[in-house]
Amino acid sequence: MESGSHAMNDLFSQLGLDSTDQAIEQFIATHKISPSLILADAPFWSQSQASFIKESIEQDADWCEIIDQLDSLLR
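What counts, and where the lines are drawn
Residues numbered from 1 in each chain as written. Predicted model: local features only at pLDDT ≥ 70, side-chain atom pairs only at ≥ 80, totals over all residues. Heavy atoms only, no water. Phe/Tyr/Trp six-rings, centres within 6.5 Å; stacked < 30°, edge-to-face > 60°. Helix = DSSP H or I, 4+ residues; strand = E, 2+ residues; numbered from the N terminus. Axes fitted to C-alpha atoms, helices over the stretch in contact; angles between N-to-C directions. Parallel < 35°, antiparallel > 145°, perpendicular 65-115°, else oblique. Left-handed = near helix turned anticlockwise from the far one by under 90°. Contact = heavy atoms within 4.5 Å. Nonpolar A, V, L, I, M, F, W, Y, C, P; charged D, E, K, R; others polar. Expected span 1.5 Å × (residues − 1). Buried < 20%, exposed > 50% of the residue type's maximum accessible area, 1.4 Å probe, protein only. Arc of directions from axis to C-beta.

A.B. asks: Honestly, the packing of aromatic side chains in this entry has me stumped. Any pointers?
C.D. replies: Aromatic ring pairs are described here by two measures, namely the spacing of the ring centres and the angle between the planes. On inspection of all chains with the given rule, the structure shows five aromatic pairs. Where Phe27 meets Trp45, the ring centres are 5.6 Å apart and the plane angle is 25 degrees; that geometry is what we call stacked. On the criterion of sequence distance, the pair formed by Phe27 in helix H2 (residues 21-30) and Trp45 in the loop between H2 and helix H3 (47-58) is long-range, its members being 18 residues apart. A network of ring pairs unites the aromatic residues Phe12, Phe27, Phe44 and Trp45 as a single cluster.

A.B. asks: Just checking my understanding: could you explain the packing of H3 against helix H4 (residues 64-73) for this structure?
C.D. replies: Any two packed helices are characterised by how steeply their axes cross, that is the angle between the axes, and by the distance between the axes. Relative orientation of the contacting elements H3 and H4 amounts to 120 degrees, with a least axis distance of 9 Å. One way to sum up the angle between H3 and H4 is to call them oblique. Seen from above, H3 lies across H4 with left-handed handedness. Between H3, through Phe52, Ile53, Ser56 and Ile57, and H4, the contact on the second element is made entirely by Cys64, Ile67 and Asp68. Taken together, the residues of the contact of H3 with H4 sort by class into five nonpolar, one polar and one charged.

A.B. asks: I would appreciate a short explanation of H3 in the present structure.
C.D. replies: Since the α-helix advances by 3.6 residues per turn, residues separated by three or four positions end up pointing in the same direction. For H3, with 12 residues, the first-to-last C-alpha span of 16 Å sits near the 16 Å given by 1.5 Å per residue. Along H3, the residues classified as buried are Gln49, Ala50, Phe52, Ile53 and Ser56. Down the axis of H3, the smallest arc covering the buried residues is 160 degrees, so these residues share one side. In H3, those exposed residues whose orientation departs by more than 90 degrees from the buried face are Gln47, Ser48 and Glu58.

This is the structure we're talking about:
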């Protein structure tokens with residue numbers, strides 16, 4: 001079981017995305033979601049990425065804080 005907090009780079013690695021600072025900035029700049037859309041339902045996630053996000057939130061996992069930060073950045 002993992003403990004502690006995760007960085008945005010860790011989250012992007014977990015999602016199978018390029019986790020460099022530049023790639024993360026580019027992702028955030030090019031992927032925006034409406035305020036009413038649940039993050040896991042965003043159309044740019046693969047099924048496994050969406051499942052990871054949804055399950056992490058539902059289980060209040062260690063990833064929740066950084067997922068919430070990403071959610072805010074994408075709005």
